[in-house]
Amino acid sequence: MAKNLLIVESPAKAKTIEGYLGKDFLVKSSYGHIRDLVKTDDAIDTEKNFEQKYEVPSDKKAVVSELRKLAKAAETVWLASDEDREGEAISWHLFETLGLKDENTKRIVFHEITKPAILKAIDNPRKIDYNLVNAQQARRVLDRLVGFELSPVLWKKVKPSLSAGRVQSVAVRLIVDREREINKFEPEAAFKIVAFFHTGKVKDSFKAELPQRFATEAEATKFLEDCKAALFSVKNLETKPAKRSPSAPFTTSTLQQEASRKLGFSVARTMQVAQRLYESGRITYMRTDSVNLSDTAIEAAEKEIKSAYGNQYHKLRKYKTKTSGAQEAHEAIRPTYFSEHTIDGDASEKRLYELIWKRAIASQMSEAEFERTLAKIDISTRTEDLNASGEVMKFDGFLKVYMESLDDEQDSAMDEDSDNAILPPLAVGMPLTLKNMSATERFTRPPARYTEAALVKKLEELGIGRPSTYAPTISTIQNRGYVIKEEREGKSRDYRVLTLKDAELTAITKTEITGAEKGKMFPTDIGVVVNDFLVEHFNGIVDFHFTANVEKEFDDIAHGLTEWTKMLHDFYGPFHSEVEDTLVNADRANNERELGIDPVSGKPVSVRIGKFGPLVQIGSPDDEEKPRFASLRKGQMIETITFEDAMELFKLPKKVGLFEDKEMTVAVGRFGPYIRHNSAFYSLPKGVDPLDVTEEEAIQIIKDKRQKDIEKVIRVFEENPDAQIEQGRWGPFIRFGKQNLKIPKGTEIEKITYADVLKWAEADAPKGKATKAKTTEKKTVAKKAPAKKAPAKKTTKSK
DNA sequence: CAGTGAGCGAGCTTCCGCTTGACTT
């Protein structure tokens, strides 16, 4: 048995460290936290100084009992969890749960997994820092109190099963606020002047722009008219050197942002792929807020840069974390071996690795150097000057490997086409020939909607959430139905273009699509209702600075300046009163709004959240005649729907005629417009307006769909017409009544018999019972598991 | 992907942060 047991948080880390330490050390992992507050409402006794009830969750029991056994046998136990609040608490929980003794327990910390760092840590052991542990307890207890007191208020005042919390509710608020800014936004039009000149040789033409814009078409026209007979010349030339520096290596948040922009990954996908790279030893730990590189990494990068690109490309750089609240328990995300420019693996692993490699390498490279030229062009008939700018790269530096892409926000702040073209040789006083000039009507743009990654960036700026929770938070707010990531169609908009060419002025109207979105975060009506409710009654909690403020107090606790229970008392007293008060006094929230009066019945038309989502309604339940109802469609919201749009909703579902003696009905569902016929669904092709589908068109759509279905069938089983092999998206599968069966790998399709199908269907039917039986040790678990299953399934299915 | 839309009421939901697999589609 080894003399020393060293416990870290992650098994991959344990493996690496074991290699550094040799035979005397057994290195094991706790797999994160091993204890947590019990899941029931009595986890914290607010009357007794916030006394907590902890338990080892069932999935951690095996880990804990193994560690306990090993700890008993070891001479010394080294607690090597991360050096941050959570890590310190993990060490403390291990100490308590494993029944460790002070005299043979040592607490050590390191910020990088390198041999010198580990050895140095072992030479400098310390004791558990109870101030830091208390700070974590305060954090944990506060989050539980907030989450488990606010959520039930929502169940009572809005809808069951909703949730609220210090992090998720602010994330939703950001999205709701942004949506409102966009709705409120009124674009302003202005005419932008762009001209193309040459110096005699037509192929040397270059672009110039007027820095100011004209508010009206009349002013723009006047400008172009003035330019008809004008003489143009170079008035001023200025050449300046410019430099661009590389970005710091990746943290979790910046990796998520770049992977989203450059690879189109969701934050969850980025983390999944990064996890695989980490586990296979390709990269360092992927949940980090630090931009720091270890000395060994900096040296390795230097060596690689010098040998691959030359000495002039290297520049030693150390980065400082700007994010407030960063705990820097790890290194930045970097490749383990800089010499590996690419790796084996699937496509997404390769692409993400390359991104990480390039960013880390570039962070140790020299600046890119440019020469930027700005030319001012005189117009003889006007006082304004045109600007032309060009950029020549003198030295590529880090750009040889890595170019960071721009955010949407930065994007819209910049001119769409302010490219860095090359200017031909120019001299002051040189006359210029105008090729053409245009005045194009351009509109100011509303603030950009959040992508998942942009939301993570914002949360990080506000100090809300941690690297390990960004991706889960983004998932939570979508799973709760507060926000939805989707595609929305834009609207077309006309704009004017005036062109001056060969001393002739022409004007045309063009059309563009504006406001189309893909993969952006939109609030849902329920998200809006919950947000407004929380802002009205619990503004302190959903305030953007709440986390930053309590973090300061946690820091004070960590430094021994504040008693953690006092901090919680001061918070909980007023908070709990607010909860009580809201439960008694607040109205139910459904964001009801009256839109107008139905001209046919004379009854009021209103919109609100109903039992099954947002709806419009004509009349009220008090009327003798029952009210009429219709659900809102994709992209429509309670807050913004117009009376006209609401009235349109009552036109569907609509009967369009008969086919095979059965009625055909057109309606709009969750996945778009469809025809219902004989209890089957046929979606309408794109671009067909559900309101004016004719009987003939509907019949054709049904026939087309049937034809396509027939083409998909590979084989039908004679024994049962409900059993057939079909070509699916990912290959053939068996449709057996309502069951979809996988075909086992290596099976020849020709040889499948009906008996096989019956056998596979049988095997497919009952699921997941074996695994559940194992976890029924505790009464609470046994009671909860089946009850949980049923409603959870329903909600996921109804999406 | 329809239909529904009140209120009654048992028993359920819920937080954030630290880690991986074991699940399904």
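Small disclaimer: the values here were computed from a predicted structure and weren't measured.

### What about the protein's contact with DNA strand B?
Close contacts around DNA strand B come from 51 residues, with Ser10, Ser161, Tyr285, Phe612 and Tyr674 the closest. Within the side chain of Ser10, one N or O atom sits 2.5 Å away from a phosphate oxygen of DNA strand B. Measuring from a phosphate oxygen of DNA strand B, one finds a side-chain N or O atom of Gln275 at 3.2 Å. Sorting the residues of the surface near DNA strand B by element identifies α5 (130-157), α9 (267-279), β25 (672-677) and α23 (779-798) as the ones contributing at least two each. Of the residues in the surface near DNA strand B, the class split is 16 nonpolar, 15 polar and 20 charged.

### Considering the pattern of salt bridges
By the definition in use, this model includes 50 salt bridges. Residue Asp177 pairs with Arg173 through a salt bridge whose shortest N-O separation is 3.8 Å. Separated by four residues within a single helix, Asp177 and Arg173 lie in helix α6 (residues 168-184), roughly one turn from each other. Exposure remark for Asp177: the relative accessible area of 25% places this residue in the partly exposed category. The shortest N-O distance in the salt bridge between Glu726 and Arg735 comes to 2.6 Å. In this structure Glu726 comes out as buried when scored by relative accessible area, which is 5%. Among the ionic contacts, a cluster of salt bridges with common partners joins Glu86, Arg139, Asp143 and Arg166.

### Topic: the environment of Tyr130
Position of Tyr130 relative to the elements: it lies in helix α5. Each C-alpha atom of the pair Tyr130 and Ala89 lies 8.5 Å from the other, and the pair is 41 residues apart in sequence. Those residues in contact with Tyr130 that lie beyond four places of it in its chain are Trp92 and Phe95.

### A closer look at the UniProt feature "site: Interaction with DNA" (unreviewed entry) in chain A
Mapped onto the present numbering, the UniProt feature "site: Interaction with DNA" (unreviewed entry) falls on His33, Arg139, Arg140, Asp143, Trp155, Arg287 and Arg480. For the annotated residues, spread through 448 residues, the largest C-alpha to C-alpha distance comes to 33.5 Å, inconsistent with a single compact locus. For His33, the location among the structural elements is in the loop between β2 (25-29) and β3 (36-37). Here His33 is in contact with Lys60, Glu86, Ala89, Ile90, His93 and Gln136, once residues within four sequence places are set aside. Residue Trp155 is classed as partly exposed on the basis of its relative accessible area, which comes to 43%.

The rules we used
- Within each chain, residue numbers correspond to sequence positions counted from 1 in written order.
- Starting at A for chains and at 1 for ligands, labels are handed out in the order in which the entities are written.
- In keeping with the model being predicted, local features are shown solely for residues with a pLDDT of at least 70 and side-chain atom pairs are shown and tallied solely at 80 or more, while totals for entire chains, interfaces and linings include all residues.
- Remark: hydrogens and water are excluded; side-chain values derive from all non-hydrogen atoms of the structure.
- Note on terminology: near, applied to a residue and a molecule or strand, indicates that one of the residue's heavy atoms is within 4 Å of it.
- As used in this structure description, the phrase polar contact means that two N or O atoms lie within 3.5 Å; if the pair is within protein, one of them must be able to donate a hydrogen and the other to accept it, and residues adjacent in sequence are counted only when both atoms belong to side chains.
- Secondary structure counts use DSSP, requiring at least four H or I residues in a row for a helix and at least two E residues in a row for a strand, with both numbered from the N terminus.
- Note on residue classes: Ala, Val, Leu, Ile, Met, Phe, Trp, Tyr, Cys and Pro are nonpolar, Asp, Glu, Lys and Arg are charged, and everything else, Gly too, is polar.
- Each reported salt bridge corresponds to a side-chain nitrogen of Lys or Arg within 4 Å of a carboxyl oxygen of Asp or Glu.
- For the exposure calls, accessible area comes from a 1.4 Å probe over protein chains only, and a residue counts as buried if that area is under 20% of its type's maximum, exposed if over 50%, partly exposed in between.
- Note on contacts: a residue pair qualifies if any of its non-hydrogen atoms lie within 4.5 Å across the two residues.
- UniProt positions are given in the numbering used here, feature names are shortened, and annotations may be inferred rather than shown by experiment.

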